[in-house]
Amino acid sequence: MEAILDRPDRHQAALFDTSWQKLMMWIFIIGDALLFGTFLPCYGWQRIAGEAWPDRTHVFHMNFITAMTFTLITSSATMATAVGAARKGDLANAGRFVWLTVLGGLVFLGCQAYEWAGLIHQGARMNTNPWGPAAFSAYFFMITGFHGTHVLIGVIILAITAIRSSMRKATAEGVELAGLYWHFVDLVWVFVFGCFYLI
Amino acid sequence: MSEAATAHGAIGYRGYWIAWVLLLLLTVAMVSITNPTVIVAGIAIKATIISLWFMHLKFERISLAVVVIACTMLTLGVLFALLAWDATVLFKTP
């Protein structure tokens, strides 16, 4: 038993050739993907079966939403760069790029808060809205709210990672795990943006 | 460092920023298109770029990539198919 524990690769799962921490993160991501994966088919069901859906161009400012999407995609690229730097042992640079990612996340959250405030000001609520079926605003607030909560959690995780990087306490794997979560948040937005704002 | 990590280290930063440009271009293209089928295709391409390059699935062992993709796609595929059938058949039949 001790011989097994002393093996340098004891932390690796043989089938996947990766650390247990990363494997757990992937399992979490699959679970979270299924959570969002139940929202979007239900939303699609409502679109097909329910009353006529409002024209998205009358409700949303598409240039503004596209800018939000640009921000999130850019933050994903800075996070990937941070992971690359951490892998090369350059924790100072990794920390800088993680801070840039945090900034991107905060800008995205600020834009989302602004968008929500605008819609609420126009009379949108969870159970009613001025544009059409009540389900429209219910799904909008629920799905974008869940995603925004994920972004907020990601910003907190990344801020902790950046602070640890600047103190030289972070590990390359720690930065990579935080990055995996952040890319997942970006991945979910690809579906939310496409299904809710474009179709 | 595992083999996958070594392979990942070889990507360099350029690959990430090429992926970034591709994602931005796809976003612009999707915003200017109204055909839902093309938009769904755009979503699929963007999701593939993010998961393969940014999330490094391309550089992980194939077993991990298969489990991640199969678990999510199969479950979501079944859910989408059943709900779409339910919505179209039950609610659109006169």
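Since this is a predicted model, take the numbers as computed values, not measurements.

Each helix and strand in chain A was counted, giving 7 helices and 2 strands. Reading chain A from its N end, one meets helices and strands in the order α-β-β-α-α-α-α-α-α. Its C-alpha atoms put chain A at 65 × 35 × 20 Å along the principal axes. The 199 residues of chain A split such that 54% are buried. Considering only residue pairs separated by 6 or more positions, chain A has 76% of its internal contacts joining residues 24 or more positions apart. Put simply, chain A shows about 8,800 Å² of open surface, and 67% of that area lies on carbon and sulfur atoms. Counting 12 positive and 12 negative side-chain charges, chain A places the centres of these two groups 7 Å from one another.

Moving on, we come to the confidence of the model for chain A. Low pLDDT marks regions whose predicted coordinates should not be analysed in detail. Mean pLDDT over chain A: 91, with 93% of residues reaching 70 or higher. When pLDDT is averaged over each helix and strand of chain A, the minimum, 52, is found for strand E1 (residues 12-13) of chain A and the maximum, 97, for helix H5 (residues 91-121) of chain A.

Turning to the packing of aromatic side chains, a few remarks are in order. All names here are of chain A. Scanning the model with the defined rule gives 26 aromatic pairs over all chains in all. Relative to Tyr-139, the ring of Tyr-43 has its centre 5.9 Å away and its plane inclined at 65°; by these criteria the two rings are edge-to-face. Within this pair, whereas Tyr-43 is found in helix H2 (residues 20-49), its partner Tyr-139 is found in helix H6 (residues 134-166), the two being separated by 96 residues in sequence. Each member of the pair Tyr-43 and Tyr-139 is classed as buried.

Once that is clear, we can look at the interface of chain B and chain A. A common way to express how large an interface is: the accessible area buried when the components associate. Contacts between chain B and chain A engage 47 residues on the former and 50 residues on the latter. Between chain B and chain A, the buried area comes to about 4,300 Å², and carbon and sulfur atoms account for 77% of it. Where chain B packs against chain A, one counts 1 salt bridge. We note a salt bridge from Glu-60 of chain B to Lys-22 of chain A, for which the minimum N-O separation is 2.5 Å. Viewed at the interface, chain A and chain B are joined by 7 residue pairs in polar contact (both at pLDDT 80 or more). Mapped by element, the contributors of at least two residues to the side of chain B that touches chain A are helix H1 (3-9), helix H2 (12-31), helix H3 (36-54) and helix H4 (62-92) of chain B. Broken down by element, the residue count for the side of chain B that touches chain A peaks at 17 residues, all from H4 of chain B. When its residues are assigned to classes, the side of chain B that touches chain A shows 31 nonpolar, 11 polar and 5 charged.

The subject of this paragraph is the packing of helix H4 (residues 62-87) of chain A against helix H7 (residues 172-198) of chain A. Residues and elements named next belong to chain A. Where H4 meets H7, the axes come as close as 9 Å, and the angle between the chain directions of the two elements is 160°. Relative to H7, the element H4 lies roughly antiparallel. Where H4 crosses over H7, the handedness of that crossing is left-handed. Classifying every residue of the contact of H4 with H7 gives 19 nonpolar, 6 polar and 3 charged.

As a further point, take the environment of Thr-48 of chain B. All names here are of chain B. Of note, Thr-48 is situated in helix H3. As a C-alpha pair, Thr-48 and Trp-17 span 31 residues in sequence and 15 Å in three-dimensional space. At a separation of 2.7 Å, a polar atom in the side chain of Thr-48 contacts the main-chain carbonyl oxygen of Ala-44.

On to the packing of H5 of chain A against H6 of chain A, then. Residues and elements named next belong to chain A. Running from N to C, H5 and H6 cross one another at 155°; their axes reach a closest spacing of 9 Å. On the basis of their axis angle, the class for H5 and H6 is roughly antiparallel. Judged by the twist between their axes, the crossing of H5 over H6 is left-handed. Here the contact of H5 with H6 is built from residues that sort into 19 nonpolar, 10 polar and 1 charged.

Each value, and the rule that gives it
- Residues numbered from 1 in each chain as written.
- Chains lettered and ligands numbered in written order.
- Predicted model: local features only at pLDDT ≥ 70, side-chain atom pairs only at ≥ 80, totals over all residues.
- Heavy atoms only, no water.
- Helix = DSSP H or I, 4+ residues; strand = E, 2+ residues; numbered from the N terminus.
- Buried < 20%, exposed > 50% of the residue type's maximum accessible area, 1.4 Å probe, protein only.
- Contact = heavy atoms within 4.5 Å.
- Areas by Shrake-Rupley, 256 points an atom, 1.4 Å probe, with all protein chains shown as cover.
- Lys, Arg positive; Asp, Glu negative; His and termini not counted.
- Charge placed at Lys NZ, Arg CZ, Asp CG, Glu CD.
- pLDDT = per-residue confidence, 0-100.
- Phe/Tyr/Trp six-rings, centres within 6.5 Å; stacked < 30°, edge-to-face > 60°.
- Buried area = accessible area lost by both parts, 1.4 Å probe.
- Salt bridge = Lys/Arg side-chain N within 4 Å of Asp/Glu carboxyl O.
- Polar contact = N/O pair within 3.5 Å; in protein donor to acceptor, adjacent residues only side chain to side chain.
- Nonpolar A, V, L, I, M, F, W, Y, C, P; charged D, E, K, R; others polar.
- Axes fitted to C-alpha atoms, helices over the stretch in contact; angles between N-to-C directions.
- Parallel < 35°, antiparallel > 145°, perpendicular 65-115°, else oblique.
- Left-handed = near helix turned anticlockwise from the far one by under 90°.

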